[in-house]
Amino acid sequence: MSEAQPWQVLASETVADFSPWLTVIRQRVRLPNGVVIPDYVLTPARSYSMVVALTGAEQVLLVRQYKHGLGQAVYDFPAGYLETPDEDSLACAQRELREETGYAAEAWTALGAYHLDTNRGTAAAHLFLARGLTRVAEQHLDATEALTVHTVPRAAILDLLTSGQMPGLACPAAWGLALLHLSANGDGR
């Protein structure tokens, strides 16, 4: 089997730029077999960090907030966009945990970075496990955030995921990776 070859970009134009929320790029591309796609659409987005935060009592910190794309309030792990493409994803995770929940963590484990839609852009979810939480401050939310913090038993996360109350794709990925890490280190419960 031969290695996949890159596509050739014949033309590219930004057709909509509502930064930082949405950019739409239309490209004319030629595939390695010669087929031309006249209107291939890219929608580059911002990468973000997400934190599975466990307390010493094996509770999990969640946030609940309205998500306009869904038209409803949902549970989520604390998360936030990298402020610049070059921002360190761990620094972003630490900042977002502190800002959204008021907590800091003693121990951090990187669970990996996973691209959200490999057909449309390079945006990634940088996933982390945080343990040994301490309340260090009050929430410090920006003007676009209105969320509440919830502490739930670790055993309740699967029900929240399967019932649709945590519908974001990164949530089951982060939770599954966190459980794999905990299990590999003797704390899989």
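What counts and what doesn't
- Residues numbered from 1 in each chain as written.
- Predicted model: local features only at pLDDT ≥ 70, side-chain atom pairs only at ≥ 80, totals over all residues.
- Heavy atoms only, no water.
- Helix = DSSP H or I, 4+ residues; strand = E, 2+ residues; numbered from the N terminus.
- Buried < 20%, exposed > 50% of the residue type's maximum accessible area, 1.4 Å probe, protein only.
- Contact = heavy atoms within 4.5 Å.
- Areas by Shrake-Rupley, 256 points an atom, 1.4 Å probe, with all protein chains shown as cover.
- Lys, Arg positive; Asp, Glu negative; His and termini not counted.
- Charge placed at Lys NZ, Arg CZ, Asp CG, Glu CD.
- Pairing = 2+ DSSP bridges.
- Axes fitted to C-alpha atoms, helices over the stretch in contact; angles between N-to-C directions.
- Salt bridge = Lys/Arg side-chain N within 4 Å of Asp/Glu carboxyl O.

1. Quick word on the overall build of the protein
Inference 1: Assigned secondary structure in the protein consists of three helices and 10 strands.
Inference 2: In sequence order, the secondary structure elements of the protein are arranged as β-β-β-β-β-β-β-α-β-β-β-α-α.
Inference 3: Each of the three principal axes of the protein carries a C-alpha extent, and together these read 60 × 45 × 35 Å.
Inference 4: For the protein, the residues scored as buried account for 37% of the 189 residues in total.
Inference 5: Relative to all contacts within the protein whose residues are 6 or more apart in sequence, the contacts with residues 24 or more apart total 58%.
Inference 6: When the accessible surface of the protein is totalled, it reaches about 11000 Å², and 54% of it is carbon and sulfur.
Inference 7: Taking the average location of the 13 positive side-chain charges in the protein and that of its 20 negative ones, the two points are 4 Å from each other.

2. Examining the sheet that holds strand β3 (residues 36-42)
Backbone hydrogen bonds are what pair the strands of a sheet, in a parallel or an antiparallel way.
Inference 1: Taken together, the three strands give an open sheet; going across it, the order is β1-β2-β3, and neighbouring strands pair in antiparallel fashion. Looking at strand neighbours, the two that pair on one side only are β1 (8-18) and β3, the edges of this open sheet. Shown here is a sheet whose adjacent strand axes are inclined to one another by a mean of 15°, direction ignored.
Inference 2: Alignment of strand β2 (residues 22-30) against β3, held across five bridges, turns out to be antiparallel.

3. Quick word on unusual backbone geometry
Inference 1: Geometrically, the link from Ser-19 to Pro-20 is a cis peptide bond, its omega value of 5° lying close to zero.
Inference 2: On the secondary structure map, Pro-20 appears in the loop between β1 and β2.

4. Topic: the pattern of salt bridges
Inference 1: Counted by the stated rule, this structure contains nine salt bridges.
Inference 2: For Arg-131, the salt bridge is made with Glu-58, and the minimal N-O distance between the two is 3.1 Å. Remark: Glu-58 occurs in the loop between β4 (48-54) and β5 (59-67) and Arg-131 occurs in strand β9 (residues 124-135); sequence separation between them is 73 residues.
Inference 3: Taking the relative accessible area as the measure of exposure, Arg-131 reaches 26% and is therefore partly exposed.
Inference 4: Judged by relative accessible area, which is 11%, Glu-58 ranks as buried.
Inference 5: Glu-87 is the partner of Arg-95 in a salt bridge, and the nearest nitrogen-oxygen pair spans 2.2 Å.

5. Here we look at the environment of Leu-42
Inference 1: With respect to the secondary-structure elements, Leu-42 resides in strand β3.
Inference 2: Considered as a pair, Leu-42 and Arg-26 are 16 residues apart in the sequence and their alpha carbons are 6.4 Å apart.
Inference 3: Residues within four places of Leu-42 in sequence aside, it is in contact with Thr-23, Val-24, Ile-25, Gln-27, Asn-119 and Arg-120.

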